[in-house]
Amino acid sequence: MIETKSLPTQYASQPGPVQTSSGKTLRTDEMIINMGPQHPSTHGVLRLEIVVEGEIIIDVIPHIGYLHRCFEKHAEHMTNYQQVIPYCDRLDYCAAINDEHSYVLAVERMLKIELPERVEYIRVVMAELQRIASHLIAVGTFGIDAGAFTPFLYAFHDRELILDLFEMTCGARLLYNYFWIGGLSHDIPPQFVDKAKQFCTYFRPRIKEFNDLLTYNEIFVKRTANVGVLPKDVALNYACSGPMLRGSGINWDLRRDDPYSVYHKLQWEPQIGKGEMGTVGDVWDRHIVRMREMEVSLSIIEQALAALPEGNVQAAIPKRIRPDAGEVYARTETPRGELGFYVISDGSGTPFRVKARAPAFVNLSVLPAISRGCMIADLVLIAGSVDIVLGQVDR
Amino acid sequence: MTAEEILNSLKAKFGDAIVEAKLDAPQPWIVVNPSRTKEIAFFLRDDPATRFDYMMCLSGVDYNNGKLGIVYHLFSMVHRHKIVLKAFCTKEQPHIQSVTSVWATANWHEREAFDMYGIVIDEHPDLRRILLPYDWEGHPLRKDYQVPEFYNGMKVPY
């Protein structure tokens, strides 16, 4: 089961026999260490079985499933299509809006309904606000992984302001059930647009402050540059997506390349890793992609708020949703990458099959490939840079 | 390439391994022989005209008529086209060939299909359960699945 791959050469120490000063050879051995399931750096209940020789990792075997909640089985046993939406919230609890977006998009494509334009714009605003909130968790906890506690407090303070905006809109702060099939559960309140614009003005300088505090901090750069390098071809072969893929220098963003909602009407560019501090695709690149994506999201929010049309927030849909027998795979760009829902309908009122293609699940599967040959201390950073949410990995 | 061109090139290369196809669906799909998925996948990935280098999704399905299947959603970053492959097997002979050697991402997806549907993935490098405990009995996403009363002495329905 355990397969030893050739080690990269950038490390000074290689596993193997150790010579003492008197010329004797010390016996060395592989050792298996368990990291998790309850470990602060695994960001949830994930167990990593690490095979090490000295401090160098020979192999990592992730054991997942501790948080398995039978999402797909539940989805087949609901009484209608709408009831699946709250369960989608709970997949990626750090970015619930984006999960809902993907699922309702799949069902709407099956029903072939047109949405009022106002719905699409509000959806874009909400999805981008949620992306910032999710990236703030990602970079904040990533700072903790690297030993910097203060940025985490900055990040959570700003995330709080976004959650206030959501609370104002739909009453919930974490799991919203806000996107409904054919529209939204509520229109935005009258003061929302001003508050969201205020947030954008407030938050832009904060990104720079955060960058000064963490991203360009010399200790942080030394810990993250040239670590956990994910080459382009490996990233594609493992079907990585989101900041993992863009961090490796692949200019790919579903919002632009497989357009949905109204992203194609707005002006923005995907951010990619360029290897500024080390190699393209290292841990630092994935971090800076997230930081820059927050700025992009701010600009998308501002454009969408400026163009927000008046109108209805619910399309005319039948009371009982019965898509024709058939199947659809719809994907959206969530903060973690490509979240796809493969929905099969047999013509009845409940889905026949719902498969969630979770980006965290797929991105985590590349972890063994990129951490072989690293130090144990680096594994914490590599796992942090993948930005997993175990609710989505285990579904 | 359109789905029809992909189907024609597959038919020219593999003949009877291509079982059926539905090209008028919103997302056209092609059914292939479950014991030849690997060579078909290699062809689709490496042929310069198709270049399906990105596997979006791999899902197990129970069609509730004694038939199980795996659905492959493929995408090409080079040509920006999509195709859906399907491979069917029966509940009595649940065997489908692995494509992990073609797309490494299939590794965990195939383990999940094995875990949830009991589809035995032939030639898979590491076929273990992935989401459920290793000593779990049965495959829960099958339509005829009965929830066991006890798991290691613990009552399951509460």
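The coordinates are above.
Every value quoted in this text rests on a predicted model; they were computed, and no experiment measured them.

Caption draft 1: Spatial organisation of the overall build of chain A. Across its full length, chain A holds 15 helices and 12 strands. A compact globule built from 395 residues should have a C-alpha radius of gyration of about 21 Å, and chain A, at 22 Å, falls within 12% of that. When the backbone C-alpha atoms are referred to their principal axes, chain A occupies close to 85 × 50 × 35 Å. Relative to its 395 residues, chain A shows a buried fraction of 49%. If you take every contact in chain A between residues at least 6 apart in sequence, the share linking residues at least 24 apart comes to 71%.

Caption draft 2: Just the sheet that holds strand S1 (residues 18-22) of chain B, in detail. Residues and elements named next belong to chain B. With mixed pairing, the 5 strands of this open sheet are ordered in space as S1-S2-S5-S4-S3. Edge strands, defined here as strands with exactly one partner in the open sheet, are S1 and strand S3 (54-62). Between one strand and the next, the sheet's axes are offset by a mean angle of 20 degrees, whatever the strand orientation. On top of the sheet, helix H1 (residues 3-14) reaches S1, strand S2 (29-32) and strand S5 (82-90); it is set at about 170 degrees to S1, its chief contact.

Caption draft 3: Quick peek at helix H3 (residues 106-117) of chain B. For H3(B), with 12 residues, the first-to-last C-alpha span of 16 Å sits near the 16 Å given by 1.5 Å per residue. For H3(B), a buried count of 12 out of 12 residues is recorded, marking the element as mostly surrounded by other parts of the structure. Those residues of H3(B) hidden inside the fold are in contact with helix H12 (359-364) of chain A together with S3, strand S4 (67-75) and strand S7 (120-122) of chain B. B:Gly118 occupies a position one or two residues after H3(B) and carries a positive phi of about 70 degrees.

Caption draft 4: Broad picture of unusual backbone geometry. In this structure, A:Ser261 is a non-glycine residue whose phi angle is positive, near 55 degrees. Considering the arrangement of structural elements, one finds A:Ser261 in the loop between helix H10 (254-257) and helix H11 (283-306). Exposure remark for A:Ser261: the 19 C-beta atoms within 10 Å place this residue in the partly exposed category. The backbone phi angle of B:Arg51 is positive, close to 50 degrees, even though this residue is not glycine.

Caption draft 5: Structural context of the interface of chain A and chain B. Facing 27 residues of chain A, the contacting portion of chain B comprises 24 residues. Among the secondary structure elements, those contributing two or more residues to the side of chain A that touches chain B are helix H1 (71-76), helix H8 (232-237), strand S10 (326-334), strand S11 (337-345), strand S12 (353-357) and H12 of chain A. Looking at the side of chain A that touches chain B residue by residue, the class counts come to 13 nonpolar, 6 polar and 8 charged.

Caption draft 6: Just the sheet that holds S11(A), in detail. All names here are of chain A. If you trace the 3 strands from one edge of the open sheet to the other, you get S10-S11-S12, paired in antiparallel fashion. Since the sheet does not close on itself, it has two edges, and those belong to S10 and S12, each with one partner. Strand-to-strand twist of the sheet, defined as the mean angle between neighbouring strand axes without regard to direction, takes the value 15 degrees. In the sheet, S11 pairs with S12 via 5 bridges, with the strands oriented antiparallel. Residue Val343 lies in a different strand from S12, and its bridge partner there is Val354. Where helix H3 (residues 96-111) meets the sheet, it contacts S10 and S11, and its direction lies at approximately 150 degrees from that of S10.

Caption draft 7: Highlighting the packing of helix H4 (residues 117-145) of chain A against helix H5 (residues 150-170) of chain A. Residue and element names in this part refer to chain A. Relative orientation of the contacting elements H4 and H5 amounts to 160 degrees, with a least axis distance of 8 Å. Considering their axes alone, H4 and H5 lie roughly antiparallel with respect to each other. Crossing handedness for the pair H4 and H5: left-handed. Only Pro151, Phe152, Ala155, Phe156, Asp158, Arg159, Ile162, Leu163 and Leu165 of H5 make contact with H4, whose side of the interface consists of Leu129, Ile132, Ala133, Leu136, Ile137, Val139, Gly140, Thr141, Gly143 and Ile144. Its residues assigned to classes, the contact of H4 with H5 shows 14 nonpolar, 3 polar and 2 charged.

Caption draft 8: Seen up close, the pairing of strand S6 (residues 47-53) of chain A. Residue and element names in this part refer to chain A. As paired strands, strand S3 (residues 30-35) and S6 are joined by 6 bridges and run antiparallel to one another. Looking at S6, one finds that Glu30 is bridged to Glu53. Bridge count between S6 and strand S7 (residues 56-63): 7 bridges; the pairing is antiparallel. Residue pairing across strands places Arg47 opposite His63, the latter belonging to S7. Between S6 and S7, which follow one another and run antiparallel, lie 2 residues, and Gly54 among them has a positive phi close to 65 degrees.

Here is what the cut-offs are and how they apply
- Residues numbered from 1 in each chain as written.
- Chains lettered and ligands numbered in written order.
- Predicted model: local features only at pLDDT ≥ 70, side-chain atom pairs only at ≥ 80, totals over all residues.
- Helix = DSSP H or I, 4+ residues; strand = E, 2+ residues; numbered from the N terminus.
- Rg over C-alpha atoms; globule rule 2.2 N^0.38 Å.
- Buried ≥ 20, exposed ≤ 12 C-beta atoms within 10 Å, placed from the backbone.
- Contact = placed C-beta atoms within 7 Å.
- Pairing = 2+ DSSP bridges.
- Axes fitted to C-alpha atoms, helices over the stretch in contact; angles between N-to-C directions.
- Expected span 1.5 Å × (residues − 1).
- Nonpolar A, V, L, I, M, F, W, Y, C, P; charged D, E, K, R; others polar.
- Parallel < 35°, antiparallel > 145°, perpendicular 65-115°, else oblique.
- Left-handed = near helix turned anticlockwise from the far one by under 90°.

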